[in-house]
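# Structural description and commentary
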Amino acid sequence: MTPPRPLHFAAFVMNTASHITHGLWRAPDGDQIRFNDLDLWVDLAKRLEAGGFDAIFFADVVGLYGDYDGGWEHHAKLGLQIPSNDPLVILSALASHTEHLGLAFTAGPIQEAPFNFARRVSTLDHASNGRIAWNIVTSALENGWRNFGHDGLLAHDDRYAWADEYLDVLYKLWEGSWDDGALLADRASGVYADPTKIHKIHHVSERYRVEGPHLVAPSPQRTPLLFQAGSSPVGRDFAARNAEAQFIVSPDPENARKLIDDTRRLVEGHGRHRDDLKFFQGLSFVVGSTEEEARRKEADLEERIDIDGMIAHFGGSLGIDLGAYEADTPIDLIHTEGGQSGLAWLRESVDGRTPTLGDLTRLRARGTRVVGTPEQIADRLAQWRDAGVDGVNVINQVIPGSYDELIEHVFPVLRERGLARDGYAEGTLRRKLFGHDKLPDRHPAAQYRGAFAAAEVAA
Ligand SMILES: Cc1cc2nc3c(=O)[nH]c(=O)nc-3n(C[C@H](O)[C@H](O)[C@H](O)COP(=O)(O)O)c2cc1C
């Protein structure tokens, strides 16, 4: 008999009022309306850890979503990810109030020079004893690019090429600049660090010139745990080379199975082991003590969801003003240089015909929602797991209620069935997920270990 394979659980959140399930910031049972209050996040992090979640996972954007109905006034009115705060800044507070919870944040290469980014992330990895994860995104919002001095969005595949260049600098700083054993902090000899074991990286590429050395001594994980979100062919190949976890939003377990099998083959093609990349499916939950109760709660939820906000969000992430189209417009007529995973998801969700915008409004909210009793939810999660999914990124309706409900009513059933872990393993986030603190030697970052010492000797 194969041993049970428990799923990992991350809470998918954003430091804003309205992240995914739009309209719910108004809900009297939700607290996200006060997202500026650090206590909201500290309290949530503690609840998640007490309940056994593996991580809190912050999405982020650095600009407005594309226009809706000719402008962005709707976004402001709906609170659609504006205002939104920097997730990185609050992670050290969450680290100091928790011991085991993974702390994942989202950022893209356009936001910050790699030297400074590497330094801030290493500092956080020290501050959290090795619990930091970075979700590498390739910012698909036009306005975001204009906020960082660009004329507009770089073409889709070129954004991933940029991410490769960015990672190359980071890998050199995180893995190659300091040898193991360089930090002595030896009171007796008076030597703090051994300079022969610290190296400049002398990086020169199209966009970056970075001399180094890295200013931070190696943190518990060195490179943070690497997440990636984006499942276009080039996004998948990027994940297969670099990522340790991929955030996917497949419409059902069968489509997830295909995506996962294909991507795992790519992982192996790049000289890594197929299990070096884990897959986290985005799902939300509506829990009832009976199926009828769960369906009633779902109907109530649908009443409260702001459909305009859902369409504005989806179109805005594609860079298409969906406010300008009729509901029966076939989706195939629409081309985008923005995110392509969303369109693929929609096509997979509708069998045998071209999906329309009307399908979008219906499916966008429901596609990744699991509704039922704890036992029914466990049955469905077993199907996702059997399709190859390793974890769930749990989309909330309200904070903290959606997570409390899952922890209180569903986790006990999952634990009974071996679908959720009981208690935490010790150590860094990477050790908890993979059994080791550092990236394995077969990861591309490992090529830089010891590389600069050799270069100095040669010079
Ligand atoms: C599930 C998922 C979550 C994402 N989260 C973010 C995010 O928080 N911030 C962001 O700027 N982009 C986010 N993205 C966008 C991707 O990083 C990427 O820019 C976009 O999806 C285009 O790549 P693709 O065509 O490979 O999907 C996300 C994409 C997916 C599929």
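A quick note: this is a predicted structure, and the numbers were derived from the prediction, not measured.

The rules behind each value
- Residues numbered from 1 in each chain as written.
- Predicted model: local features only at pLDDT ≥ 70, side-chain atom pairs only at ≥ 80, totals over all residues.
- Heavy atoms only, no water.
- Helix = DSSP H or I, 4+ residues; strand = E, 2+ residues; numbered from the N terminus.
- Rg over C-alpha atoms; globule rule 2.2 N^0.38 Å.
- Buried < 20%, exposed > 50% of the residue type's maximum accessible area, 1.4 Å probe, protein only.
- Contact = heavy atoms within 4.5 Å.
- Areas by Shrake-Rupley, 256 points an atom, 1.4 Å probe, with all protein chains shown as cover.
- Lys, Arg positive; Asp, Glu negative; His and termini not counted.
- Charge placed at Lys NZ, Arg CZ, Asp CG, Glu CD.
- Axes fitted to C-alpha atoms, helices over the stretch in contact; angles between N-to-C directions.
- Parallel < 35°, antiparallel > 145°, perpendicular 65-115°, else oblique.
- Left-handed = near helix turned anticlockwise from the far one by under 90°.
- Phe/Tyr/Trp six-rings, centres within 6.5 Å; stacked < 30°, edge-to-face > 60°.
- Lys NZ or Arg CZ within 6 Å of the ring centre and 35° of its normal.
- Salt bridge = Lys/Arg side-chain N within 4 Å of Asp/Glu carboxyl O.
- Right-handed = clockwise from strand over helix to strand, strands pointing away.
- Pairing = 2+ DSSP bridges.

## Let's talk about the overall build of the protein chain
- Check the secondary structure of the protein chain and you find 16 helices and 13 strands.
- At 22 Å, the protein chain has a C-alpha radius of gyration in line with the 23 Å of a compact globule built from 459 residues.
- By its C-alpha atoms, the protein chain is 70 × 50 × 45 Å across when sized along the principal axes.
- The buried share among the 459 residues of the protein chain stands at 56%.
- Counting only contacts in the protein chain whose residues sit at least 6 apart along the sequence, the fraction spanning at least 24 positions is 76%.
- Of the roughly 19300 Å² that the protein chain leaves accessible, carbon and sulfur atoms contribute 50%.
- Positive and negative charge centroids in the protein chain, built from 48 and 68 side chains respectively, lie 4 Å apart.

## Digging into the packing of helix H8 (residues 253–269) against helix H13 (residues 374–386)
- Interaxial distance between H8 and H13 falls to 8 Å at its minimum, and their mutual angle equals 20 degrees. When the axis of H8 is compared with that of H13, the two are roughly parallel. As H8 packs across H13, the resulting crossing turns out to be right-handed. Here H8 contributes Pro253, Ala256 and Arg257 to the contact with H13, which in turn contributes Arg380, Gln383, Trp384 and Asp386.

## A few points about the packing of aromatic side chains
- Applying the stated rule across the entire model yields 20 aromatic pairs.
- Note on Phe227 and Phe280: the rings are 5.2 Å apart at their centroids and 65 degrees apart in plane angle, and the pair reads as edge-to-face. In this pair, Phe227 sits in strand E9 (residues 225–229) while Phe280 sits in strand E11 (residues 278–287), placing the two residues 53 residues apart along the sequence.
- Judged by relative accessible area, which is 3%, Phe280 ranks as buried.
- Feature note: the residues Phe105, Phe117, Trp134, Tyr166, Trp174 and Tyr208 constitute an aromatic cluster, connected by ring pairs.
- Cation over ring: Lys278 sits above Phe434, and NZ or CZ is 4.9 Å from the ring centre.

## Observations regarding the pattern of salt bridges
- Tallying each qualifying case throughout the model produces 34 salt bridges.
- With its nearest N and O atoms 3.9 Å apart, the salt bridge here joins Glu268 to Arg274.
- Given the relative accessible area of 34%, Arg274 is considered partly exposed.
- Across the pair Glu302 and Arg369 runs a salt bridge, and its minimum N-O distance is 2.9 Å. Of this pair, Glu302 sits in helix H9 (residues 291–304) while Arg369 sits in strand E12 (residues 369–372); the two residues are 67 residues apart in sequence, bridging distant segments of the chain.
- Judged by relative accessible area, Glu302 falls into the partly exposed class, the value being 28%.
- Through salt bridges that share partners, Arg5, Arg264, Asp275 and Asp390 make up one connected network.

## As for the pairing of strand E2 (residues 55–59)
- Most of E2 sits inside the fold, with 5 of its 5 residues counted as buried.
- Because side chains alternate across E2, one face comprises the buried residues Ala55, Phe57 and Ala59, and the other comprises Ile56 and Phe58, equally buried.
- Considered for its hand, the β-α-β crossover made up of strand E1 (residues 8–14), helix H1 (residues 38–51) and E2 is right-handed.
- Both E2 and strand E3 (residues 102–107) contribute to a ladder of 3 bridges, which runs parallel.

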